[in-house]
Amino acid sequence: MKKSFLLLIAALLLGSASFAQSFDLCVGPKVGYQTAQLSYNKADIKSGFAEHFTIGAFGRVTFNKLYVQPEVLWFKSGSAFSFDFENVAEGMIPEEEVTITWNPMNIQVPVFVGYKVLDLDIVSLRVQVGPTANFIIGGKPVYDRVFSITPEEGADPITVEEGDPILDTKTIAWGIQGGIGVDVLNKITLDINYNYGISKIFGANLIENTELGQYVDLSNIDNTKQNLFMVTLGFKFL
């Protein structure tokens, strides 16, 4: 019995040593940008870094060719969408299109599960997919200018000021990301992922509780879901 117990302990120690040798942990910083459309043009990439800069950190736990990679990314996003008026007398709406603009700050936390399809000493190629939590930490959608409508002949006009808030946004939006990654010399990482928004960003529509709300069509509101590419460069410290 004692001999069997010692053999069991020895086997566990050997197994632990083998697991530790195949187990890899790394962390490091990341920089990058977001874009609605990928481009290899140098000017487009430079513009992406200038206008949609992203910074953060990542970690990766690898076992053989499988890995889990959580990230924390900080960036500022922006979007704009227009809306139509309905049930308004002809000629009583603005001549120019009214647009809602939105420029929130974001903390994005994706968690990828990936697999190394190519694993060489110089370079490795990865595929990955996972859920994403996007925390919206600032900014409210606002009208881009002053405008007014008159619902019907003889009615008092409804005037909206530039910068008035129009919609209430959620504090967190969920998505799914998937893409590819490349590691060079086991130090430098390049990840290209596509984020697909699966939850609505807006909460209660404040506009529906206003006098203007009954004359506005917001059927295109889902266009503000954050469907975009994330291109990031990282460096492994460990």
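1. Focus on the overall build of the protein
Turning to step 1, where the next piece is worked out: Regarding its fold elements, the protein presents two helices and 15 strands.
Turning to step 2, where the next piece is worked out: Put simply, the protein has 238 residues, and 36% of those count as buried.
Turning to step 3, where the next piece is worked out: For the protein, long-range pairs separated by at least 24 residues make up 72% of all intrachain contacts whose partners lie at least 6 apart in sequence.
Turning to step 4, where the next piece is worked out: Summed over all atoms, the accessible surface of the protein reaches about 13800 Å², with 61% contributed by carbon and sulfur.

2. Considering the nonpolar core
Turning to step 1, where the next piece is worked out: Ranked by size, the top nonpolar core spans 14 residues in total, and within it F83, F85, V98, Y143, F147, I149 and L212 carry the most contacts.
Turning to step 2, where the next piece is worked out: Contributions of two or more residues to this core are made by β10 (147–149) and β11 (158–160).

3. A word on the confidence of the model for the protein
Turning to step 1, where the next piece is worked out: Here the protein averages 80 in pLDDT, and 81% of its residues register 70 or above.
Turning to step 2, where the next piece is worked out: Low pLDDT, under 50, characterises residues 5–20; the predicted model gives this stretch one contact beyond four residues in sequence or across chains.

4. A short note on the side chain of T54
Turning to step 1, where the next piece is worked out: Locating T54 in the fold gives a position in strand β2 (residues 53–63).
Turning to step 2, where the next piece is worked out: For T54, a relative accessible area of 0% gives the class buried.
Turning to step 3, where the next piece is worked out: For T54, the contacting residues outside a window of four places in its chain are K30, V31, G32, Y33, Q34, L73, W74, F75 and M230.

5. Structural notes on the pairing of strand β15 (residues 228–235)
Turning to step 1, where the next piece is worked out: In terms of strand pairing, strand β1 (residues 23–35) meets β15 through six bridges, oriented antiparallel. Bridged to G32 within β15 is T232.
Turning to step 2, where the next piece is worked out: Summarising the sheet, strand β13 (residues 188–197) and β15 pair through eight bridges and their orientation is antiparallel. Each residue of the ladder has a partner; that of N193, found in β15, is M230.

6. Quick notes on the sheet that holds β2
Turning to step 1, where the next piece is worked out: Spatially, the eight strands close up into a barrel ordered β1-β2-β3-β7-β8-β12-β13-β15, and their pairing is antiparallel. Taken over all neighbouring pairs, the strand axes of this sheet differ in orientation by 25° on average, direction set aside.
Turning to step 2, where the next piece is worked out: The pairing of strand β12 (residues 172–184) with β13 spans 10 bridges and is antiparallel. For G178, the partnering residue across the bridge sits in β13 and is Y194.

7. Some words on the sheet that holds strand β4 (residues 79–82)
In a beta sheet, neighbouring strands pair by backbone hydrogen bonds and run either parallel or antiparallel.
Turning to step 1, where the next piece is worked out: Spatially, β4-β6-β9 is the arrangement adopted by the three strands of the open sheet, whose pairing is antiparallel. Each edge of the open sheet is held by one strand with a lone partner, namely β4 and β9 (142–143).
Turning to step 2, where the next piece is worked out: Pairing geometry for strand β6 (residues 99–102) and β9, over two bridges, is antiparallel. Bridging across to β9, T101 finds its partner in V142.

8. Here's the deal with the pattern of salt bridges
Turning to step 1, where the next piece is worked out: Counted under the stated rule, the structure contains six salt bridges.
Turning to step 2, where the next piece is worked out: A salt bridge links E71 to K30; its shortest N-O distance comes to 2.7 Å. With E71 in strand β3 (residues 66–76) and K30 in strand β1, this pair connects stretches of sequence that are 41 residues apart.
Turning to step 3, where the next piece is worked out: The shortest N-O distance in the salt bridge between D191 and K30 comes to 3.1 Å. Residue D191 is found in strand β13, and its partner K30 is found in strand β1; the two are separated by 161 residues along the sequence. Accessibility classification places D191 together with K30 in one group, the buried group.

9. Describing unusual backbone geometry
When glycine is set aside, most residues are seen to have a negative phi, and most peptide bonds are trans.
Turning to step 1, where the next piece is worked out: Look at N64: it is not a glycine, yet its phi comes out positive at around 60°.
Turning to step 2, where the next piece is worked out: Relative to the assigned elements, N64 resides in the loop between β2 and β3.
Turning to step 3, where the next piece is worked out: Even without glycine at this site, N186 takes up a positive phi of about 60°.
Turning to step 4, where the next piece is worked out: Mapped onto the secondary structure, N186 falls in the loop between β12 and β13.
Turning to step 5, where the next piece is worked out: Taking the relative accessible area as the measure of exposure, N186 reaches 45% and is therefore partly exposed.

10. With respect to the layout of surface pockets
Turning to step 1, where the next piece is worked out: A volume near 260 Å³ is recorded for the second largest pocket.
Turning to step 2, where the next piece is worked out: Lining the second largest pocket are 13 residues, with Y33, S39, I45, I192 and V231 sitting closest to its centre.
Turning to step 3, where the next piece is worked out: The set of elements that each furnish at least two residues to the lining of the second largest pocket consists of β1, α2 (42–51), β13 and β15.

Reading the values: the criteria
Residues numbered from 1 in each chain as written. Predicted model: local features only at pLDDT ≥ 70, side-chain atom pairs only at ≥ 80, totals over all residues. Heavy atoms only, no water. Helix = DSSP H or I, 4+ residues; strand = E, 2+ residues; numbered from the N terminus. Buried < 20%, exposed > 50% of the residue type's maximum accessible area, 1.4 Å probe, protein only. Contact = heavy atoms within 4.5 Å. Areas by Shrake-Rupley, 256 points an atom, 1.4 Å probe, with all protein chains shown as cover. Core = buried A, V, L, I, M, F, W, Y, C linked by side-chain atoms within 4.5 Å. pLDDT = per-residue confidence, 0-100. Pairing = 2+ DSSP bridges. Axes fitted to C-alpha atoms, helices over the stretch in contact; angles between N-to-C directions. Salt bridge = Lys/Arg side-chain N within 4 Å of Asp/Glu carboxyl O. 1 Å grid on protein atoms, 1.4 Å probe; cavity = no way out; pocket = protein on both sides within 12 Å on 5 of 7 lines; lining within 4 Å. Points joined across faces, edges and corners; volume = space filled by probe spheres on them.

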